[in-house]
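# Observations on the three-dimensional arrangement
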Amino acid sequence: MVAAATVQLEADRVIAEAELREDVLGLATELAGRIMGEPLTDPDRARAVAEEFFAGTEAGTKS
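Quick look at the structure, then. (Residues numbered from 1 in each chain as written. Predicted model: local features only at pLDDT ≥ 70, side-chain atom pairs only at ≥ 80, totals over all residues. Heavy atoms only, no water.)

### Focus: the environment of leucine 20
We count it as follows: Only DSSP runs of H or I with at least four residues qualify as helices, and only runs of E with at least two residues qualify as strands; both kinds are numbered from the N terminus onward.
Inspection of the secondary structure assignment puts leucine 20 in helix 1 (residues 2-36). For the pair leucine 20 and proline 39, spaced 19 residues apart in the sequence, the C-alpha separation amounts to 22 Å.

This is the structure in structure tokens:
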């Protein structure tokens, strides 16, 4: 029972992290568009920039 709960908690954490990343990506894209004065219309580019940022922050926290 404890092992199953541990697995479920890990799965929930992974899902929550993915949802948070999507929320941050959306907010960051919207904010960047406001700062630039025009909407960012290339979602692939916005996602690539966000993924690069997240990879850098993860690398910094794992050391």
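Alright, that's what it looks like, and here's the rest.
### Some words on helix 1
For the record, the criterion: Helix span, expected: 1.5 Å multiplied by one less than the number of residues in the helix.
Look at helix 1: 50 Å from first C-alpha to last across 35 residues, which is about the 51 Å you get at 1.5 Å a residue. Following helix 1 by one or two positions, glycine 37 adopts a phi angle in the positive range, close to 85°.

### Details of a nonpolar patch on the surface
Just so we agree on the cut-off: Patch definition: residues above 30% relative accessible area lacking any salt bridge, with like charges linked at up to 9 Å and the nonpolar side chains Val, Leu, Ile, Met, Phe, Trp and Tyr linked at up to 5 Å. Accessible areas in this description were obtained via Shrake-Rupley with a 1.4 Å probe; residue shielding takes into account the shown protein chains only. One speaks of a salt bridge when a side-chain nitrogen belonging to Lys or Arg is within 4 Å of a carboxyl oxygen belonging to Asp or Glu.
The grouping of Leu31, Ile35, Met36 and Leu40 at the surface amounts to a nonpolar patch, some 410 Å² of accessible area in total. Relative to the elements of secondary structure, leucine 40 occurs in the loop between helix 1 and helix 2 (43-62).

### Thoughts on the pattern of salt bridges
For clarity, the cut-off: Three exposure classes are used, based on accessible area relative to the maximum for each residue type with a 1.4 Å probe and protein chains only: buried under 20%, partly exposed in between, and exposed over 50%.
According to the stated counting rule, one finds 4 salt bridges in the structure shown. The shortest N-O distance in the salt bridge between arginine 13 and glutamate 17 comes to 2.9 Å. Taken as a pair, arginine 13 and glutamate 17 lie in helix 1 at a separation of 4 residues, close to a single helical turn. By relative accessible area, arginine 13 is classed as partly exposed at 43%. Of the charged contacts in the structure, one is a salt bridge between glutamate 30 and arginine 34, with a shortest N-O distance of 2.7 Å. Here arginine 34 and glutamate 30 lie together in helix 1, a separation of 4 residues that amounts to about one turn. By relative accessible area, which is 42% here, glutamate 30 ends up partly exposed. Among the charged side chains, a network of salt bridges with common partners joins Glu10, Arg13, Glu17 and Arg21.

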